[in-house]
Amino acid sequence: MVIMTRTCEPDTRDTDVRVAVSTVIFSVRRDAHDEPVLSLPLVRRTRDPFEGRWALPGGWLDAQESLDAAASRTLAETTGLTPSYLEQLYAFGVVDRSPTRVVSIVYWALLRSDEVDAQVAAHARQDDAPENVEWFDATDLPALAFDHNEIVEYTLWRLRNKVGYSRIAHGLLPDEFTLADLREVTETILGRRLDPANFRRQVDTSDTLIPTERFRTGSHRPARLYRYNRDVELAERGPLTSRL
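Residues numbered from 1 in each chain as written. Predicted model: local features only at pLDDT ≥ 70, side-chain atom pairs only at ≥ 80, totals over all residues. Heavy atoms only, no water.

Going by an unreviewed UniProt entry, the chain carries the name Nudix hydrolase domain-containing protein and comes from Rhynchospora breviuscula.

Okay, here's the thing in C-alpha cells:
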C-alpha cells in the first residue's frame with residue numbers, strides 16, 4: 001500500500017512573528033514591618049499597547065544575539081539589575097497574547113536582597129537608575145500587561161515545586177547562612193510556616209549543606225553558619241542555566 005503524504009505550504013498571511021525575551025526576578029525583601037516578602041520588579045509601560053500598565057522586564061530579541069544574551073541585556077536595560085543566576089523557563093506563544101504575533105521566551109532569576117540594594121545604590125550614585133521600575137509582592141500583583149500575570153503565576157508554581165527538592169533557595173541567600181535563614185526563605189516561597197524541628201531533621205539527613213566553624217552571635221544563643229554543597233548544586237544545573 002502506498003501512503004500519500006501532502007506537504008502543507010506555508011501560510012504567507014501575517015507571517016511577521018517576533019520573538020521577545022522577558023524575565024521574572026524573585027528576591028526576598030523586607031516590608032515596612034520587617035517581614036520577608038517574595039518580591040519581583042516590574043516596569044511601567046510608556047506606550048501602547050497597555051500604556052501605563054506594569055509589565056515584566058524584557059524586550060525584543062536581536063537577530064545576532066543568543067537568547068541568554070538577550071535576557072541579560074534587556075534585564076539590565078529595563079531594571080539595571082544583573083543577577084548571577086539566570087535560567088530559561090518556558091515559551092509563551094498563545095496567538096492572541098499580543099495585538100501582533102509575539103512569542104516570548106521567559107527566563108527566571110533569583111537575587112539576594114543585599115545584591116538588589118547594592119545594585120540599586122550603585123545606579124543611584126551614578127545617576128543612571130532606570131525609570132518606571134518598582135518592586136511588588138509576587139503574590140499580590142495588579143493587572144499586568146499582556147499575559148504577564150499568567151507568566152508570574154506559572155513561575156511561582158515552578159519555584160514552589162522546585163524548592164522542595166532542589167537547592168533553588170540558595171539564589172536568595174548569602175554564601176553563609178543559618179538554618180533559620182534557610183527556613184525563613186523556604187517559608188516565604190511556599191507561603192506557609194514549617195515546623196522548625198522537622199525542617200532541621202530534613203536538612204541534617206541531606207547532603208545539601210556543609211556546616212562551617214563560624215557562628216552568628218546576637219541576642220540569642222550563637223547559631224551555626226552553613227554553606228551549600230557546591231558539588232551537589234552544580235550537578236543539578238541543566239544546560240539551560242547560565243552563570244552570568
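Asker: Would you mind going over the overall build of the chain in detail, with residue names and values included?
Answerer: Scanning the chain from terminus to terminus reveals six helices and 10 strands. Considering the chain as a whole, with its 244 residues, one finds that 39% of them fall into the buried category. Once local pairs closer than 6 in sequence are excluded, the contacts in the chain between residues at least 24 apart make up 63%. If you sum the accessible surface of the chain, you get close to 14600 Å²; carbon and sulfur atoms cover 49% of it. (Helix = DSSP H or I, 4+ residues; strand = E, 2+ residues; numbered from the N terminus. Buried < 20%, exposed > 50% of the residue type's maximum accessible area, 1.4 Å probe, protein only. Contact = heavy atoms within 4.5 Å. Areas by Shrake-Rupley, 256 points an atom, 1.4 Å probe, with all protein chains shown as cover.)

Asker: Which residues make up the confidence of the model for the chain, and what values do they have?
Answerer: The pLDDT averaged across the chain works out to 86; a share of 88% of its residues lies at or above 70. Here strand β10 (residues 241-243) is the element of the chain with the lowest mean pLDDT, 46, and strand β3 (residues 54-55) is the one with the highest, 97. Confidence over residues 1-12 falls short of pLDDT 50; this stretch has zero contacts with residues more than four positions distant or in other chains. Overall, residues 239-244 carries pLDDT values under 50, and its contacts beyond four positions in sequence, including any with other chains, amount to 17 contacts. (pLDDT = per-residue confidence, 0-100.)

Asker: Give me the packing of helix α4 (residues 179-190) against helix α5 (residues 196-204): which residues, what numbers.
Answerer: Each packed pair of helices is defined by two parameters, the angle between the axes and the distance between the axes. Put simply, α4 and α5 touch, their axes get as near as 11 Å, and they point 105° apart. What the angle tells us is that α4 and α5 run roughly perpendicular. Contacts between α4 and α5 involve Leu 179, Leu 182, Arg 183 and Thr 186 from the former and Pro 196, Phe 199, Arg 200 and Val 203 from the latter. Considering only residue class, the contact of α4 with α5 consists of five nonpolar, one polar and two charged. (Axes fitted to C-alpha atoms, helices over the stretch in contact; angles between N-to-C directions. Parallel < 35°, antiparallel > 145°, perpendicular 65-115°, else oblique. Nonpolar A, V, L, I, M, F, W, Y, C, P; charged D, E, K, R; others polar.)

Asker: Can you lay out the pairing of strand β1 (residues 18-30) for me, pointing to particular residues and giving the numbers?
Answerer: As defined by bridge partners, β1 adjoins strand β6 (residues 102-110) across nine bridges and the pair is classed as parallel. Residue pairing for β6: Ala 20 is matched across the bridge by Ser 104. Across four bridges, the pairing between β1 and strand β2 (residues 36-44) is antiparallel. Note that in β2 the partner of Arg 29 across the bridge is Val 37. Between β1 and β2, which pair antiparallel one after the other, the connecting turn spans five residues, and Asp 34 there sits at a positive phi close to 65°. (Pairing = 2+ DSSP bridges.)

Asker: Outline the nonpolar core, listing residues and values.
Answerer: The biggest cluster of nonpolar side chains holds 38 residues, and the ones touching the most others in it are Phe 26, Leu 38, Leu 40, Leu 42, Leu 159, Leu 182 and Leu 209. Within the residue set of this core, elements represented by two or more residues are β1, β2, β5 (85-92), β6, α3 (148-163), α4, α5 and β9 (223-228). Among the elements that make up this core, the one with the highest residue count is α3 (five residues). Sequence-distant contacts of Leu 209, that is, excluding residues within four places in its chain, are made with Phe 177, Leu 179, Leu 182, Val 203, Tyr 226, Arg 227, Tyr 228 and Asn 229. (Core = buried A, V, L, I, M, F, W, Y, C linked by side-chain atoms within 4.5 Å.)

Asker: So what about the packing of α3 against α4? Which residues, and what values?
Answerer: Contact geometry of α3 with α4 gives a least axis separation of 9 Å together with a crossing angle of 140°. Our classification of the angle between α3 and α4 gives oblique. The two elements α3 and α4 cross, and the hand of that crossing is left-handed. Where α3 approaches α4, its residues Leu 159, Arg 160 and Val 163 are matched on the opposing element by Thr 186, Ile 189 and Leu 190. (Left-handed = near helix turned anticlockwise from the far one by under 90°.)

Asker: Quick one: what's the story with the pattern of salt bridges, residue by residue and with numbers?
Answerer: Enumeration according to the criterion identifies 13 salt bridges in this entry. A salt bridge links Arg 183 to Glu 187; the shortest N-O distance between them is 3.4 Å. Placement of both Arg 183 and Glu 187 in helix α4 is noted, with a separation of four residues, approximately one turn of the helix. (Salt bridge = Lys/Arg side-chain N within 4 Å of Asp/Glu carboxyl O.)

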